[in-house]
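Next come the chains, spelled out residue by residue.
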Amino acid sequence: GISAGGLPAGSVTDATIAGMASSKLSGALPAISGAALTGLTAGISDIDQWYLSSQQDLTSADPITGWTRSNNQAFYAVEGSAMTESSGTFTFPSTGMWLVSFSCWYYADARSSRWMQSRINATSDNSSYSQVSAASNAIYNTGSNGYNSAYSMFIFDVTNISTHKIRLSVNSQNTLQYMAGRNFTTVKFIRLHDT
């Protein structure tokens, strides 16, 4: 056996350990608890994508309606719990810091003035909505048809899913055709972090 005081210094080297047969090693490692670890989060848990399901000719709409969820579609990721939508109002599935992005594509035939504005509107009391992000664009009058888009985004601290909700709106100087489909007028929701 080993005498009192243990092994003398230098008696176990890297070469000794590297040459040890695996059959000489036995026993289970002790369980490692993560209870003392702090500052860790589960990462992004929810991703949801929606699109305008049919073309709409609008001068203004608040809120925009006619949304369809991009689930079970190639290339369009969804993960975790889904948003719900009713009459243009989006409800979150859980509290947290949520990234909301709104891409709005539109088409105009030959008109003299064709500017548009798109907005993300939020409420924290399930009643009064305020503009929290906006974008604007225009098509110069070339005497022919034209396309353009506007993009806005907002990070929403959702502390109560019953009261914190989102609506999307547009207005324009003349009637424009807002383009439908997963590549055009879309809204995306990504849960970034706990609130």
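Scroll up a little and you will see the structure.
What you are looking at is a predicted structure, and each value in this text was computed from that prediction instead of being measured.

Let's talk about the side chain of S70
Along the chain, S70 turns up in the loop between β3 (67-69) and β4 (84-86). Once you skip the residues sitting within four places of it in the chain, S70 turns out to touch Q49, W50, Y51, Y76, V78 and R182.

Comments concerning the pairing of strand β6 (residues 96-108)
Looking along a regular strand, one sees side chains alternate from face to face of the sheet. A large share of β6 lies buried, amounting to eleven of its 13 residues. Where β6 meets strand β11 (residues 186-193), seven bridges bridge the pair, whose relative direction is antiparallel. If you follow W98 over to β11, its bridge partner there is R191. Judged from the two bridges that link them, β6 and strand β10 (residues 165-178) form a sheet pairing that is antiparallel. Pairing of Y106 across the sheet is with Y178, part of β10.

Thoughts on the packing of aromatic side chains
When we look at a pair of aromatic rings, we describe it by the centre distance and by the angle of the planes. Taken as a whole, this structure holds eleven aromatic pairs when the rule is applied. Between the aromatic rings of W67 and F102, the centroid separation amounts to 6.4 Å while the plane-to-plane angle is 70 degrees, which identifies the pairing as edge-to-face. Here F102 lies in strand β6 and W67 lies in strand β3, a separation of 35 residues in the sequence. There is no split in this pair, since W67 and F102 are both buried.

Observations concerning unusual backbone geometry
Along the chain, D62 connects to P63 via a cis peptide bond; the corresponding omega equals 5 degrees. Positive phi outside glycine occurs at S87, with the angle close to 55 degrees. Its identity as a non-glycine residue notwithstanding, N126 has a phi of 60 degrees, on the positive side. Turning to its location among the elements, N126 is positioned in the loop between β7 (115-123) and β8 (130-138).

Here is what the cut-offs are and how they apply
- Along each chain, the written sequence defines residue order, and numbers are assigned to residues from 1.
- Under the rules for a predicted model, residues below a pLDDT of 70 receive no local features and side-chain atom pairs below 80 are neither given nor counted, while totals for whole chains, interfaces and linings still include all residues.
- For the side-chain quantities, the full set of heavy atoms in the structure was used; hydrogens and water were omitted.
- Counting from the N terminus, the helices are the DSSP runs of H or I reaching at least four residues and the strands are the DSSP runs of E reaching at least two.
- Any pair of residues with heavy atoms lying within 4.5 Å of one another is described as a contacting pair.
- Throughout this description, buried means an accessible area under 20% of the type-specific maximum (1.4 Å probe, protein chains only), exposed means over 50%, and partly exposed covers the range between.
- In this description, strands pair whenever DSSP reports at least two bridges between them.
- A pair of Phe, Tyr and Trp rings is counted when the ring centres sit within 6.5 Å of each other, with Trp represented by its six-membered ring. The angle between the planes then sorts it: under 30 degrees is stacked, over 60 is edge-to-face, the rest tilted.

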